[in-house]
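What follows is each chain in one-letter form.
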Amino acid sequence: MTTETADMVLLLAGPENVAAIAASSQSPAMGMVPDLAREVPDTLPPGVEPDPEQILSYEPDLVVTTSRHGGEQSANEQLAAAGVPMLTFEAADFNTPEAYAQALRTTGEALGRSAEAEQYASELLEKIGEINATASGASPSVLVLMARGGNVMAMGSDNMVPGLALRAGATDAAAAAGISST
């Protein structure tokens, strides 16, 4: 139902095993595997208010989603009440490479693709280890911006992109400005 979860499922199961994805997964600016996402014919409208009836119309074997916003939480409750198997992640499950690797493993287990998930998770963590080992000690100041719903927001260091910059030796301009979360 969300870009993050659709990307993991596409990576592990392939587009031929996906009934519908978040439309934003098809965008190179938003999705991690947009070429695979474009192979899925049905998309869910962008935004944080998924339509449970639309999702039920696909007769899903499993819905993989997040529970960050009120609309997502409400849809998740309705889908679970309808008996749909759900795999739901919290926002924190995507804040660090280690958390993402665990979310990938959890998704792989749910999809019967544990070996593939472990391979991707291990490759990611190996690359992160290389970043940690080669951090230069230089300290450029970094502020990460994101756009959502027509608004531009500064990201706090508890998010993936600024967290990666900090691992590489940057200083956190958001924290210096008193920003602690997005």
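Each remark here, short or long, concerns the structure printed above.
Given the structure is predicted, the values throughout are model-derived calculations rather than measurements.

Chemist: Lay out the pairing of strand β4 (residues 86-89) with the relevant residues and their values.
Modeler: Taking every second residue as pointing to the same face, the buried face of β4 carries Leu87 and Phe89, while none of Met86 and Thr88 on the other face is buried. Following the chain from strand β3 (residues 63-66) across helix α4 (residues 70-81) to the adjacent parallel β4, one finds a crossover that is right-handed.

Chemist: Go over the pattern of salt bridges, please, and point to the residues and values.
Modeler: Counted by the stated rule, this structure contains 3 salt bridges. The shortest N-O distance in the salt bridge between aspartate 35 and arginine 38 comes to 2.8 Å. Take aspartate 35: its relative accessible area is 57%, and that puts it in the exposed class.

Chemist: Kindly report on the side chain of threonine 107, identifying the contributing residues and their values.
Modeler: Looking at the element boundaries, threonine 107 is found in helix α5 (residues 97-111). What makes threonine 107 buried here is its relative accessible area of 0%.

Chemist: Before we move on, can you summarise the packing of aromatic side chains with the specific residues and values?
Modeler: Each pair of aromatic rings is reported with the distance of its centres and the angle of its planes. What the rule picks out here adds up to 2 aromatic pairs. An angle of 65° between the planes, with centres 5.8 Å apart, marks the rings of phenylalanine 89 and phenylalanine 94 as edge-to-face. With respect to class, phenylalanine 89 is no different from phenylalanine 94; both count as buried. Their ring planes at 50° and their centres at 6.2 Å tell us that phenylalanine 94 and tyrosine 100 sit as a pair that is tilted. By the ring-pair criterion, three or more aromatic residues cluster together here, those being Phe89, Phe94 and Tyr100.

Chemist: Lay out the environment of proline 46 with the relevant residues and their values.
Modeler: Looking at where proline 46 falls in the secondary structure, it is placed in the loop between β2 (43-44) and α3 (52-57). Spatially, the C-alpha atoms of proline 46 and alanine 81 are 23 Å apart, while their sequence positions differ by 35 residues.

Chemist: Can you lay out the layout of surface pockets for me, pointing to particular residues and giving the numbers?
Modeler: The computed volume of the largest pocket comes to approximately 1500 Å³. Lining the largest pocket are 47 residues, and of these Glu4, Met30, Arg68, Phe94 and Arg148 sit closest to its centre. Taken together, the residues of the lining of the largest pocket break down into 27 nonpolar, 11 polar and 9 charged. Of the pockets and cavities examined, the second largest pocket occupies roughly 470 Å³. What lines the second largest pocket is a set of 21 residues, among which Asn17, Val18, Ala19, Pro60 and Leu62 lie closest to the centre. Elements supplying a minimum of two residues to the lining of the second largest pocket: α1 (3-13) and β3. Of all the elements, α1 adds the most residues to the lining of the second largest pocket, at 4 residues. Looking at the lining of the second largest pocket, its residues break down into 16 nonpolar, 2 polar and 3 charged.

Chemist: Would you mind going over a nonpolar patch on the surface in detail, with residue names and values included?
Modeler: There is a patch of nonpolar side chains on the surface, built from Leu143, Leu145 and Val152 and spanning about 310 Å² of accessible area. Structurally, leucine 143 can be placed in the loop between β5 (141-142) and β6 (145-148).

Chemist: I'd like a description of the packing of α1 against α5, backed by residues and values.
Modeler: Where α1 meets α5, the closest approach of the two axes is 10 Å, and the angle between their N-to-C directions is 55°. The angle between α1 and α5 falls in the class oblique. Pair α1 / α5 crosses with right-handed handedness. Between α1, through Met8, Val9, Leu12 and Ala13, and α5, the contact on the second element is made entirely by Tyr100, Ala103, Leu104, Thr107, Gly108 and Leu111.

The rules behind the values
Residues numbered from 1 in each chain as written. Predicted model: local features only at pLDDT ≥ 70, side-chain atom pairs only at ≥ 80, totals over all residues. Heavy atoms only, no water. Buried < 20%, exposed > 50% of the residue type's maximum accessible area, 1.4 Å probe, protein only. Helix = DSSP H or I, 4+ residues; strand = E, 2+ residues; numbered from the N terminus. Right-handed = clockwise from strand over helix to strand, strands pointing away. Salt bridge = Lys/Arg side-chain N within 4 Å of Asp/Glu carboxyl O. Phe/Tyr/Trp six-rings, centres within 6.5 Å; stacked < 30°, edge-to-face > 60°. 1 Å grid on protein atoms, 1.4 Å probe; cavity = no way out; pocket = protein on both sides within 12 Å on 5 of 7 lines; lining within 4 Å. Points joined across faces, edges and corners; volume = space filled by probe spheres on them. Nonpolar A, V, L, I, M, F, W, Y, C, P; charged D, E, K, R; others polar. Patch = residues over 30% accessible without salt bridge, like charges linked within 9 Å, V, L, I, M, F, W, Y side chains within 5 Å. Areas by Shrake-Rupley, 256 points an atom, 1.4 Å probe, with all protein chains shown as cover. Axes fitted to C-alpha atoms, helices over the stretch in contact; angles between N-to-C directions. Parallel < 35°, antiparallel > 145°, perpendicular 65-115°, else oblique. Left-handed = near helix turned anticlockwise from the far one by under 90°. Contact = heavy atoms within 4.5 Å.

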